[in-house]
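Residues per chain, in single letters:
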Amino acid sequence: MYIDIDHGHIPKKGQIVCGDVFLSSKLKNENRLTAVLSDGLGSGIKANILAKLAASMALRFMLNDQPIERSATSIRETLPIDSTRKIAFATFTIIDTEFDGFTRIMEYGNSQFMIFRKGKYIHTRPEGDPEDELYTTSFKAELEDRIILFSDGVSQSGIGKKEMPFGWGIAKMALFIEDILKRRPDISASDLRKYIARRASFNDDLQPQDDISCAVLYFRKPRKLLLCSGPPYDSKKDAQVIENVRNFKGHKVISGGTTAQIIARGLRKEIDVDLKNIHPGLPPVASIEGFELVTEGILTLGKAAEMLKYNNMSSIAQDNPAKKLCNILLNHDKITFFVGTRINEAHQDPNMPVELEIRRNVIKKIAYILENTFLKETEIVYI
C-alpha cells in the first residue's frame, strides 16, 4: 500500500498564524510513516510555538525509534501546565503506521481521530488511563482506509448555532465525510482535507472561532506518473524513449515542445495546441491522445517548482499550465522523470531571464520538494 497524506490549516479569525502544527516524515528504509498533529493553547504565534515544540519533540522521538507510549509520556511531562486553567499548553496526536497497514495512534487532549473503511465511519475504542489522559489505539489499516486527524476548531465549529448547539460533532462530521466518499470514492487526501476544513469554516460563517486543522492519511494502491522532458542527448535514443513511454503503466505528462514532437511522431499521434487560454509568461498547453497534459518545458517547469516550493497555488487560475502540472504531480504517488540531456541552445542565450535554470536542475528541485514536502516517491532517469 501507498500512504497518501496531506494537511491544511485555517487560522482563527483575526490571527495570521495558525496555533496548530502538523509534522510528518516518511522513513523509506523502514517502510514506515510518522506524523504528529499538535494544538497549542489559545491561538496565534504563542500557540504555534507551543504546538511546534510538542510536535517537534514527538517526531524526533519517533524517528529515533522510541516506543510511542514513552514518547507521549515524555512530551506530556515536559510541556508546561497553564496555572489558571490547569491544562497543558499543547495537546497532540501521534500516528505511527507501517506500509503493511499496522498502525498505532497515541492521543493526548486532542479530538479523537476518525477511521473510514469502505466509505463508512468505524467507531474505535482507545485504551488508556483517564488520569494520564493518554489513549492508545492499535489496528491494521486496509486498502482504501482513511484516517482523519483534526483539531477542536473542526469538531467544535458552528458551536452555539441552533442546528449544532454543541458544535459540528463526530456524528455530523461522519455523515458529511461518508457523503463525499460515496460521491468521490477515490478522492485524494488533499481534496478530502480541503472539503472538511472548508465546511468547518462555513459552519463558523467563514469567521473561524478557533484554529481549524485537518490531516488525512489515505491507504491506496500507488498512482504512477511518468513525466518526460527534454530530447535525449543522442537522437538515436529517441526510439528507446518512445518505447518506454508506450510501455509505461500509469499516467503520462510531457513538458517540452521538442519532446512532444518526438513522442507524437513516434506514436503517430496529433498535437493539438490550445490557443484559447493564454497566460502571461507561459506558453499554452497542448494535448496528445493518451497523455494527461502537454506543456512547454523549462519555463513551465520552473514556475511549477516555484509554486510547489511556496505551496501558493490557491489564488492561481485553474487553467494555468504550471498549476495544472502541479495538480497532476500532487495527485500521484510514484513519479518517474525521463530527462533528456541534449542542450537547448535557446537556454544559453544571455538575454534569457537570469533565474532560468537548465532542465535537469529544475527537475531535481521539483523531485526534492515532492519527496521532502509532499512525501512522494520519485525517480529521475537521464537519457
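One structure accompanies this document, and this report is about it.

Each value, and the rule that gives it
Residues numbered from 1 in each chain as written. Predicted model: local features only at pLDDT ≥ 70, side-chain atom pairs only at ≥ 80, totals over all residues. Heavy atoms only, no water. Pairing = 2+ DSSP bridges. Helix = DSSP H or I, 4+ residues; strand = E, 2+ residues; numbered from the N terminus. Axes fitted to C-alpha atoms, helices over the stretch in contact; angles between N-to-C directions. Contact = heavy atoms within 4.5 Å. Polar contact = N/O pair within 3.5 Å; in protein donor to acceptor, adjacent residues only side chain to side chain. Patch = residues over 30% accessible without salt bridge, like charges linked within 9 Å, V, L, I, M, F, W, Y side chains within 5 Å. Areas by Shrake-Rupley, 256 points an atom, 1.4 Å probe, with all protein chains shown as cover. Salt bridge = Lys/Arg side-chain N within 4 Å of Asp/Glu carboxyl O. Buried < 20%, exposed > 50% of the residue type's maximum accessible area, 1.4 Å probe, protein only. Arc of directions from axis to C-beta.

## Notes on the sheet that holds strand β11 (residues 212–220)
Two modes of strand pairing occur in sheets, parallel and antiparallel, and in both the strands are linked by backbone hydrogen bonds.
Thought 1: What the five strands build is an open sheet, ordered β1-β11-β10-β6-β7; its pairing is antiparallel. Because the sheet does not close on itself, it has two edges, and the strands there are β1 (2–10) and β7 (120–122). Mean inter-strand twist for the sheet, computed between neighbouring axes without regard to direction, equals 25°.
Thought 2: Here strand β6 (residues 114–117) pairs with β7 via three bridges, running antiparallel. Residue Arg117 lies in a different strand from β7, and its bridge partner there is Lys120.
Thought 3: Of the strands in this sheet, β6, β7 and β10 (146–150) are in contact with helix α4 (residues 169–183), which crosses β6 at around 35°.

## Description of the side chain of Ser38
Thought 1: Here Ser38 is to be found in strand β3 (residues 32–40).
Thought 2: A distance of 3.3 Å separates the side chain of Ser38 from the backbone oxygen of Ala51, its partner in a polar contact.
Thought 3: Residue contacts for Ser38: discarding those within four places in its chain leaves Gly19, Asp20, Val21, Ala51, Ala54, Ala55, Ala90, Thr91 and Phe92.

## Some points on a nonpolar patch on the surface
Thought 1: A cluster of nonpolar side chains, Ile271, Val273, Leu275 and Ile278, forms an exposed patch at the surface whose accessible area comes to about 370 Å².
Thought 2: As for its placement among the helices and strands, Leu275 is situated in the loop between β14 (272–273) and β15 (286–287).

## Some words on the pairing of strand β4 (residues 90–98)
Thought 1: Extensive coverage of β4 is indicated by the burial of eight of its nine residues.
Thought 2: Of the pairings in the sheet, the one linking β3 to β4 comprises nine bridges and is antiparallel in character. Residue pairing in the sheet places Arg32 in a bridge with Glu98 of β4.
Thought 3: Taken together, the five bridges between β4 and strand β5 (residues 102–108) define a ladder with antiparallel strand orientation. Among the inter-strand pairings, Asp96 is bridged to a residue of β5, identified as Arg104.
Thought 4: The hairpin turn running from β4 into β5, its antiparallel successor, is three residues long, and Gly101 in that turn takes a positive phi close to 110°.

## With respect to helix α2 (residues 68–78)
Thought 1: Those residues of α2 lying buried are Ile68, Ser71, Ala72, Ile75 and Arg76. Here the buried residues of α2 occupy an arc of 125° about the axis, which is enough to place them on one side.
Thought 2: Buried-residue contacts for α2 involve α1 (44–63), β4, β5 and β9 (134–140).

## Overview of the sheet that holds strand β8 (residues 127–129)
Thought 1: One open sheet holds the six strands; their spatial order is β2-β3-β4-β5-β9-β8, and the pairing between them is antiparallel. Two strands in the sheet have a free side with no partner beyond their single neighbour: β2 (20–27) and β8. The average angle at which neighbouring strand axes cross in this sheet is 10°, direction not considered.
Thought 2: Across three bridges, β8 lies against β9 in antiparallel orientation. Note that in β9 the partner of Asp129 across the bridge is Leu134.
Thought 3: Across the sheet, α1 lies against β2, β3 and β4, angled at about 20° from β2, the strand it touches most.

Take it as geometry only, folks, not as evidence of what the structure does.
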